Every structure is written in C-alpha cells, then in structure tokens.
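A structural walkthrough
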Amino acid sequence: MSSTAAAVESDPDTAAKIIPGPILLLGAPGVGKGTQAKELVKLWGIPQISTGDLLRANVAQGTALGNAAKDIMQHGNLVPDSLVNEMVAVRLQQPDTSIGYILDGFPRTLPQASWLDDRLGTHPEVLPVVAVSLHVDYNQLLRRITGRRNCPVCQRIYNIYSNPPLKAGFCDVEGAALAQRSDDTEEVFAERIRAYDAQTAPVVEHYREQGRFAEVDGDGQIAAIAARIVAAVRQLRK
Ligand code: AMP
C-alpha cells in the first residue's frame, strides 16, 4: 500500500468510498498541485488534467497552440483564456473524465472560472465542482520551484532540497537524467507570482464565496497533505 493510501486508510471512512467528481486544485506556482494531483490519481483512478502539462506537450510537438503559447510561458505570463478554454474543452470530452477529474492549474483567471462554471452548469448529470486551495509561504514556494526537477520519461517529480533522487541528477526508477523546467528560474518565478496575485488569487476568492471550497495546508509530507485533501473533499461531498 502506498504511504498516501496508508495515511488515508487510517481514517475510518476511506478514500475509495468517495465519488470524487470534478476537483479543482488551486494555489500558487510551486505549492504542490502537480504532486498532489498525482497522489489523488493513484487513489481515485481519475485523470489529472494539468493545463501546464498540456501546454508544454503542445510546445514540444510544435502545434499552432504550442507556438502561440511558448514565449508567453517562458516569460511566466498567462496564455490567453480562449486558447486554454478550448484546450480544456477538448480534454473534458474524453470518456475517462466521467466519474471525475482533477483540474490542476485551471482556472487561473476569472473569465476561465466563469467559462468552467457555465460549462459545468450545462451538464447537470456531473457532480458540482469542489475547489481545494493549497497554501504554503513564499520562501517555501521559491525553494520548491527552483529545486524542482522532473524525469522526462516517467514524469516523477523530485526536489533537490526536500525530495532528492538517490543519485543526484538521475531518476530513481528510470535512471534518466532529470530535467528542469525553463520557467522554474527565480526571475520567471517572480513573474509567475505576479500573474498569480493579479489574476489567480481572485479565482480562489470566487470559489471561496461559492462554497464547496476548502483551504489546505500544503506544508509537510506528501502523503499527509494528500490525506488532508481527501478529508476536505469528503467533507465537501457530504
Ligand atoms: P504550470 O505548469 O501550471 O505552472 O503552468 C506553466 C505555465 O503554463 C504558466 O506559467 C502559464 O504560462 C501557462 N498556463 C498553465 N495553465 C494556464 C491557464 N489555466 N491559463 C493560462 N496560462 C496557463
């Protein structure tokens, strides 16, 4: 059993009993949305839909969307809503989203949030969205971002400070050389935080006001944070 499953199972009501439905993981860059989304995928078998990952895949494949997004992303700014919404619309049509999904990094602006609200409003058969906002302090965000490395083969995420690989620079599982995202530098991080404060912080308030919202402490062991998120979702789905 994984450590997250163990942490969750110590609770009398297990994660497996929850029908997760659509879950939004909100929070600043580096707060751990991607890491936590992967834990929830393992527990619930629902897909992680990361707009950052989808955009990076488009950049790598040189699609029209990727070419439009590349420079914007490298500077830490936000890709236009219309492009991102269209990309999410296509992804949500996949059948693997039927019992739920985790949106990681979307919505990031109020227009994206109202687009999503409208879209979900036209699908009454789908459970209402629940939003979980992760929080850690600024210095930790900076360490998490600048220390972050990922395996280009299995996408496992490491951190050279808090979760280093056994052999520096290489994935424990694949042995592949670890990569660093080009926007994970201190300068680009500052711009991403500015974009977050100006455009994404109001999205957190939007969902807080709607209810079905929880704020979760993103500090601590990965499994312990995942267990907090599961507890919050269970509470919100009652
Ligand atoms: P992330 O991997 O979530 O940190 O996203 C990396 C970059 O992709 C961001 O800094 C933005 O440039 C872009 N991006 C990801 N998600 C969105 C979104 N929902 N809206 C606009 N831009 C996005």
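As shown above, the structure is provided for reference.
My aim in this report is to walk through the structure given alongside it, one point at a time. (Residues numbered from 1 in each chain as written. Predicted model: local features only at pLDDT ≥ 70, side-chain atom pairs only at ≥ 80, totals over all residues. Heavy atoms only, no water.)

A short note on the sheet that holds strand β2 (residues 48-50)
With parallel pairing, five strands are arranged side by side in an open sheet as β2-β3-β1-β4-β7. The open sheet terminates on both sides in strands that have one partner only, identified here as β2 and β7 (213-217). Adjacent strand axes in the sheet meet at a mean angle of 25° when their direction is disregarded. Summarising the sheet, strand β1 (residues 21-26) and strand β4 (residues 130-135) pair through four bridges and their orientation is parallel. Residue pairing for β4: leucine 24 is matched across the bridge by alanine 131. Most of the contacts of helix α3 (residues 51-61) go to β2, to which it runs at about 60°, and overall it touches β2 and β3 (100-104). (Pairing = 2+ DSSP bridges. Helix = DSSP H or I, 4+ residues; strand = E, 2+ residues; numbered from the N terminus. Axes fitted to C-alpha atoms, helices over the stretch in contact; angles between N-to-C directions. Contact = heavy atoms within 4.5 Å.)

Description of the site of the ligand
Residues in close proximity to the ligand total 16 residues, the closest being Thr51, Arg56, Asn77, Gly105 and Gln112. For the ligand, a nitrogen atom lies 2.9 Å from a polar atom in the backbone of glycine 105. For the ligand, the accessible surface in isolation is 480 Å², of which the surrounding protein chains cover 97%. With four residues, the single largest contributor to the shell around the ligand is α3. Among the residues forming the shell around the ligand, the class breakdown is six nonpolar, five polar and five charged. (Near = heavy atom within 4 Å. Polar contact = N/O pair within 3.5 Å; in protein donor to acceptor, adjacent residues only side chain to side chain. Areas by Shrake-Rupley, 256 points an atom, 1.4 Å probe, with all protein chains shown as cover. Nonpolar A, V, L, I, M, F, W, Y, C, P; charged D, E, K, R; others polar.)

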